[in-house]
Amino acid sequence: MSDPQRTSSTPASVGEIVRVNGPIVHARNMAEAGMLEVVEVGELRLIGEVIRLHDGMATVQVYENTSGLRPGEPIYCTGRPLSVKLGPGLLGNIYDGIQRPLERIRATSGAMIDRGEKPEPLDEAKTWPFVPACAVGDDLVPGKLFGRVQETGSVEHRLLVPPGFGGKVTEIAAAGDYRGDEIVCRLDGPDGKQELSMCHHWPVRKPRPVSQRLAMGEPLTTGLRVIDTFFPIAKGGAAAIPGGFGTGKTMTQQSLAKWAEAQIIVYIGCGERGNEMTDVLKEFPELVDPRSGRSLMERTILIANTSNMPVAAREVSIYTGITLAEYYRDMGYDVAIMADSTSRWAEALRELSGRLEEMPADEGFPAYLPSRLASFYERAGMVRTLSGERGSVSVIGAVSPPGGDFSEPVTQHTRRFIRCFWALDRQLANARHYPAISWLDSYSEYLSEIAAWWESHDAQWHDLRDTLMNILQEEVGLQRIAKLVGPDALPDYQRLTLEVAELIKNAFLQQNSFDEIDMYCPPTKQIWMLRILVRFAERARRVIQAGGTLPDIRGMKAMTRIVRMKSTIPNDDTAAMQALYDEVDGELEQLERRFA
Amino acid sequence: MRVSGLEYRGVSQVDGPLVFVQGISGVGYDELVEIVTPSGEERLGQVLDVSETAAVVQVFGGTDGLSNAGTRVRFLAEPMRVPVSKRMLGRVFDGLGRPKDGLPQVIGGDLRDVQGKPINPYAREYPRDFIQTGITSIDLMNTLVRGQKLPIFSGNGLPHNRIAAQIARQAKLLREDVSFSIVFAAMGVKYDVAQFFVDSFVQSGVISNVAMFLSLADDPSVERLITPRSALTLAEHLAFDEGMHVLVIITDMTNYCESLREIATARGEIPSRKGYPGYLYSDLASLYERAGRLQGVEGSITQMPILTMPSDDISHPIPDLTGYITEGQIVLDRDLHQRGVYPPVAGLPSLSRLMKDGIGKGRTRDDHPHVASQLFAAYSRVKSIRALASVIGEEELSPTDKLYIEFGKKFEQTVVTQGEFENRSIERSLELGWEALRILPRAELYRVSEEELAKYFDQPAPKEAQA
């Protein structure tokens, strides 16, 4: 693959616009243009992509507002597919859907986004401390390491030979500061001499090659108890968060972006609110990653194509995001990508499809919606990279079903391609129970694959988890009866189940993302909380069996301490958790003795 | 190059609000069109689709009286623009920004493209300034902040206009003495509704600080598509060029969406839910996202769109898509209204997404976040206990549940209910919240901290603290 210039000073060919219909433009004299080639449309040179070819006529989707565009204006071919530029400097940046840096756009066009802006995605003037990792005479193949750059305090950028390159090293730059586009390595390969800089381009719609796909075995811990303990996602897995408006999709996504145990986070705001991206931009630099001790922004790339930005760029934004994720995966990192929201992306597809006058399938969505969703989610995975390392891309997609109805096409098709489903529940959200992830409708198919990891921390983990889950399931049945006859008509041991279920909800499932301690819950603390709750459930049942009453249990001193343990006991204070466990155990034992 | 203002005689087809013009050249997408009827009346339109020889034009003034041969069409080679100026405050305009109050057009103003340009997310300032509306159910439970877009989801016959007028009258910041300028856009509402707002603005003496864009029920429906854009274009000028704090009230978004559907149907587009076009979300977003604050700029745009939910159905595409874009929603409840509660703000489905960052220590009061959360949790419990009571009877409830029922009554009658001209301070609202919570046993209040309980629950504030 050659490395064509992004700007098109010498366009391959020029066509002529014949029709403008919103973001869709038809042009003639386009016989030279290739499918999915980038074109520059009109005198403003708006960025577009060829999506259909017919007898020298091309249909182009334009990534910017087409107001004022007229038939007869020129359309310039660039000879390259829609690509992103990969290299040091991506982290901490905020891009639009086609990788234009919003910070630089602001510098040139002010607070409102002008059309026809084409700033370089990476700062050409900035130099990076390059450290060579190969010597003259080495034989390099794609994926081989040839240099390193400390990109941010927490992330080392590994420079790998891009796919399509390779050969004997004839020259390698000495350690020192270089600009991203400077040649740092020359190769003599079978295809002739090649030059490598720290940057290269990659077409967004083409998955980057890997050497092998691997089985998943490790959880991607997120610090959210309901996810980690009940519906875990594996590193390299794919999950969906569906929920109506106001149920907390974005809050959950942001929480995951903050605390998920990945080295790199790509956060895509796809057709969502501008203020949400601003929130992330303001908050992340101030938050500290509990694992690296560095600012969270140092591991994050933001892609913001808000709902008022052009719809075609929304369609491509998730490909841009996942391509950046794959790039860091190839360096051997665990990358997590959050797409908020895939429904907006699907709607962009629908809008474009409608303008193309295609035959609609379900609810006006094009018939290729499921295959597009599949090809996106399939880019997730745990892999052996070309350089032989393990790397993963985990995908978490938010879904915004109309009216909160999960039977609509996007939710239904998404379910086919993900293995972890975190259903947000309107009732829980209304009661301000966050995260409003329903423990009845959600599921995770990764549970069996990652149980071993948890069991290496506590051999009883699976039993503990199942015990709590059973109590929650049992509660549903009991609540149904209680709704008819009143809870007081139930026998004490069943009322205890209701009581314990309530305790699990308040003490464990509910998590306050604004509380300094509770916002993130490490696995060890989760296990301790499980132990305490399970111990409480078991012993309280014995008290009831021995003749104790519910008020005896309710009156326990330890009760409030259990409810508040999530926010009062520091996350790493296992001694305090042990002490609470002993206290609960002791108090219940006394109660039991009183009746025995 | 082309000549500005190409004029053509005759149109090939007139279909609903659309006109098809053949034999043209050099016309741009989205550009402004002047249509002259055979009788000489001038109307404005906009290009929706253009090829080399034909254009589809939507006519804002309606297509009645047009004929195939006698109609003249002039393409103006510029986008739809409206004048913007500080002097437009105190005036009344139609949906396209032309004076409607009998006074001459404002002179000296800039002309701006009504479509606006998207705000760069990188240039936004995150909204955090608490706005005290004086309405407890909003201030305490669904706090509005400066630069937020918070719609009112209402139904026919509910007092959304009175609430919007009350907010416009009372809204202020706690620490700054800055009043809001108001930009008011009415689409397809009745004359008396518009008059109600005029009267209300006159009564509170703010009318000189209000710009009104009216496209009433008897005005052509296509004009409604431009009305909110004209209003927001002026709001952007006032906020970001003049540094003013602007409150934009838009009513009724449902009428706007109906017009959008009408155009889409006339164009023969493939409909999505309930016949609305597939781009309804993007279109609504292009309005709602024109709110907020910018870094380094003093002004702000706070949006309060009003929409009436068709048959009170919150899952109808209009409220549904709106809820996905706006930063929360104030939902009005018919049941509360029937029971005489004003404002009938539904406790649970209402939400303010920006509340979390606008309240608490140094902004309102330290206990505010937890009190709000506790009230939501308790009220949600009330709802499920009421459902239970309707089956087994209130007598059969446990003592704690009975307390919850009592709390629910108190909450609705003293916290939510207030007078239309009653302006409560946030301290008073918080105190009312605690007063209601005091009905419940202390142990039930697990969302407030021990210190807050000691400070506010155990020692009621002295009476003179009441504003």
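Provided above is the structure to which this section pertains.
Residues numbered from 1 in each chain as written. Chains lettered and ligands numbered in written order. Predicted model: local features only at pLDDT ≥ 70, side-chain atom pairs only at ≥ 80, totals over all residues. Heavy atoms only, no water.

Draft legend 1. Quick look at the nonpolar core. Judged by nonpolar contacts, the single largest core of 155 residues is most densely connected at Y328, W422 and F536 of chain A. Of all the elements, helix α13 (residues 523-545) of chain A adds the most residues to this core, at 12 residues. In contact with Y328 of chain A, other than residues within four places in its own chain, are G87, L90, L91, E151, H157, I264, I301, Y333 and V335 of chain A. Judged by nonpolar contacts, the second largest core, of 63 residues, contains A211, L234, A291 and L321 of chain B. (Core = buried A, V, L, I, M, F, W, Y, C linked by side-chain atoms within 4.5 Å. Buried < 20%, exposed > 50% of the residue type's maximum accessible area, 1.4 Å probe, protein only. Helix = DSSP H or I, 4+ residues; strand = E, 2+ residues; numbered from the N terminus. Contact = heavy atoms within 4.5 Å.)

Draft legend 2. Expanded view of the interface of chain A and chain B. On the side of chain B, 75 residues touch chain A, which itself brings 75 residues to the contact. Summing both partners gives a buried area of about 6200 Å² for chain A against chain B, and 54% of it is carried by carbon and sulfur. The interface formed by chain A and chain B includes four salt bridges. Between R19 of chain A and D49 of chain B there is a salt bridge, with the nearest N and O atoms lying 2.5 Å from each other. For the side of chain A that touches chain B, the secondary-structure elements that each account for two or more residues are β1 (14-21), α1 (102-109), α3 (249-259), α4 (274-283), α5 (311-329), α6 (342-355), α11 (461-485) and α15 (558-568) of chain A. When residues in the side of chain A that touches chain B are grouped by element, the largest group, seven residues, is from α4 of chain A. Among the residues forming the side of chain A that touches chain B, the class breakdown is 29 nonpolar, 22 polar and 24 charged. Inspection of the sheet shows β1 of chain A paired to strand β5 (residues 42-51) of chain B by two bridges, in the antiparallel sense. Bridged to R19 of chain A within β5 of chain B is S51 of chain B. (Buried area = accessible area lost by both parts, 1.4 Å probe. Salt bridge = Lys/Arg side-chain N within 4 Å of Asp/Glu carboxyl O. Nonpolar A, V, L, I, M, F, W, Y, C, P; charged D, E, K, R; others polar. Pairing = 2+ DSSP bridges.)

Draft legend 3. Structural context of the packing of aromatic side chains. Counted under the stated rule, the structure contains 24 aromatic pairs over all chains. An angle of 75 degrees between the planes, with centres 5.7 Å apart, marks the rings of F245 of chain A and Y324 of chain B as edge-to-face. On the criterion of chain membership, the pair formed by F245 of chain A in the loop between β19 (238-242) and α3 and Y324 of chain B in helix α7 (residues 317-325) is interchain, its members lying in two chains. Y324 of chain B shares its class with F245 of chain A; the two are buried. Ring geometry for W528 of chain A against Y581 of chain A: centres 6.0 Å apart, planes inclined by 70 degrees, an arrangement best described as edge-to-face. Of this pair, W528 of chain A sits in helix α13 while Y581 of chain A sits in helix α16 (residues 574-595), and the two are 53 residues apart along the sequence. For the pair W528 of chain A and Y581 of chain A, a shared accessibility class is recorded, and that class is buried. Chaining the aromatic ring pairs together yields one cluster made of F184, F196, F197 and F201 of chain B. The positively charged end of R344 of chain A is found above the aromatic ring belonging to Y281 of chain B, 3.8 Å away from the centroid. Of note, R432 of chain A hangs over the ring of F376 of chain B, and the distance from its end group to the ring centre comes to 3.5 Å. (Phe/Tyr/Trp six-rings, centres within 6.5 Å; stacked < 30°, edge-to-face > 60°. Lys NZ or Arg CZ within 6 Å of the ring centre and 35° of its normal.)

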